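# Commentary on secondary and tertiary structure
Each chain is listed here by its residues.
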Amino acid sequence: MSKIILKNSDEIELIRKSAQIVSKTLGMLASEIKPGINSLILDELAESFIRDHGAKPGFLGLYDFPNTLCVSPNSQVVHGIPNKEPLRNGDILSIDCGVLYNGFYGDHAYTFEVGEVKPEIKKLLKISKESLYKGISEFKIGNRIGDIGFAIQKYNEKEGYGIVRELVGHGLGKTMHEGPEVPNYGKKGKGKKIQEGMVIAIEPMINMGSHKIKQLNDGWTILTSDGMPSAHFEHNIAIIDGMPKLLSTFKYIYDELGISSDEEEKFEITSL
Ligand code: MG
Ligand code: MG
């Protein structure tokens, strides 16, 4: 991965604008996800929505990826390709979306429930998402990148979940993937120093079973090696005045789904 590029407040604001378009896209998709719909329709809706906002899909064509969304149901971890397979009641669907707007990227992800999902899968989603915020809390001046992964790993492993090793979070800005790499596992006090103006994507990929993964021969889709479900939640965060501030939000998803949550409150931007 390339080097770390620190951002000034104008650049952070531009990344925030891109991330917010992704947030709104995920919110729009939340109202469409139900048994019977397929991920190709979701992909078309997302592409139109992003273009209507004057932005470009960030993944389409990136490393030759063929679509706007990465859609990864059930045992797929990330990088699934949209297709015409209808979603079924009880599925989960991880959607990762990127946009490019005014020269800067936003990139975040959410795992949705399709209809009525089994309690043990609901728990996987809950713990995975909570671990994202545990990681975000450690992204602050005085800490190192390893502190983020340590917190995420500890929170998930106490439930017996597997943390995917091969794929990691990353810096973002004028390119989708910049330094530093942000693993979802790690050691306290290790890794790069966290600095003012860093902007990163933290994105735990958490398997209900083994951490081991494999890839389909489509060259993209990553899935769990044991066939058990996997969850993926991703936010974009900047260091402002030494502390982690969210550039993305799940509030548009929660508005659609009627969920109330205060999980983002302490990471909200008060001034730029
Ligand atoms: Mg990412
Ligand atoms: Mg992503």
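Rules and cut-offs
- Residues numbered from 1 in each chain as written.
- Chains lettered and ligands numbered in written order.
- Predicted model: local features only at pLDDT ≥ 70, side-chain atom pairs only at ≥ 80, totals over all residues.
- Heavy atoms only, no water.
- Donors = N, O, S within 2.8 Å, 3.2 Å for Na, K, Ca; no water.
- Helix = DSSP H or I, 4+ residues; strand = E, 2+ residues; numbered from the N terminus.
- Buried < 20%, exposed > 50% of the residue type's maximum accessible area, 1.4 Å probe, protein only.
- Phe/Tyr/Trp six-rings, centres within 6.5 Å; stacked < 30°, edge-to-face > 60°.
- Pairing = 2+ DSSP bridges.
- Contact = heavy atoms within 4.5 Å.
- Axes fitted to C-alpha atoms, helices over the stretch in contact; angles between N-to-C directions.

## Concerning the coordination of the magnesium ion (ligand 2)
Only Asp96 (OD), Asp96 (OD), Asp107 (OD) and Glu234 (OE) from the protein reach the magnesium ion (ligand 2) as donors, at distances of 2.0 to 2.3 Å. The metal-metal distance between the magnesium ion (ligand 2) and the magnesium ion (ligand 1) is 3.1 Å, with aspartate 107 serving as a donor to both. Of this pair, aspartate 96 sits in strand S4 (residues 92-101) while aspartate 107 sits in strand S5 (residues 104-113); the two residues are 11 residues apart in sequence, bridging distant segments of the chain. Aspartate 107 matches aspartate 96 in its accessibility class, with the two residues each being buried.

## A few points about the packing of aromatic side chains
Evaluation of the coordinates by the stated rule reveals eight aromatic pairs. Ring geometry for phenylalanine 65 and tryptophan 220: centres 4.9 Å apart, planes at 90°, overall edge-to-face. With phenylalanine 65 in the loop between strand S1 (56-57) and strand S2 (69-73) and tryptophan 220 in the loop between strand S11 (213-215) and strand S12 (222-224), this pair connects stretches of sequence that are 155 residues apart. By relative accessible area, phenylalanine 65 is classed as buried at 3%. On the basis of an interplanar angle of 90° and a centroid distance of 5.0 Å, the ring pair of tyrosine 110 and phenylalanine 233 is categorised as edge-to-face. With tyrosine 110 in strand S5 and phenylalanine 233 in the loop between strand S13 (230-232) and strand S14 (235-240), this pair connects stretches of sequence that are 123 residues apart. Accessibility assignment for this pair places tyrosine 110 and phenylalanine 233 in one class, buried. Among the aromatic residues, those joined into a cluster by ring pairs are Tyr110, Phe112, Phe233, Phe250 and Tyr254.

## Describing the sheet that holds strand S10 (residues 205-207)
Spatially, the three strands line up as an open sheet ordered S6-S10-S13, and their pairing is antiparallel. Bordering the open sheet on either side are strand S6 (162-163) and S13, each of which pairs with just one other strand. Bridging between S10 and S13 involves three bridges; their strand directions are antiparallel. Its bridge partner being in S13, methionine 205 is matched across the sheet by histidine 232. Helix H3 (residues 119-138) contacts S10 and S13 of the sheet and is inclined by roughly 35° relative to S13.

Bear in mind that shape data such as this cannot, by itself, settle questions of function.
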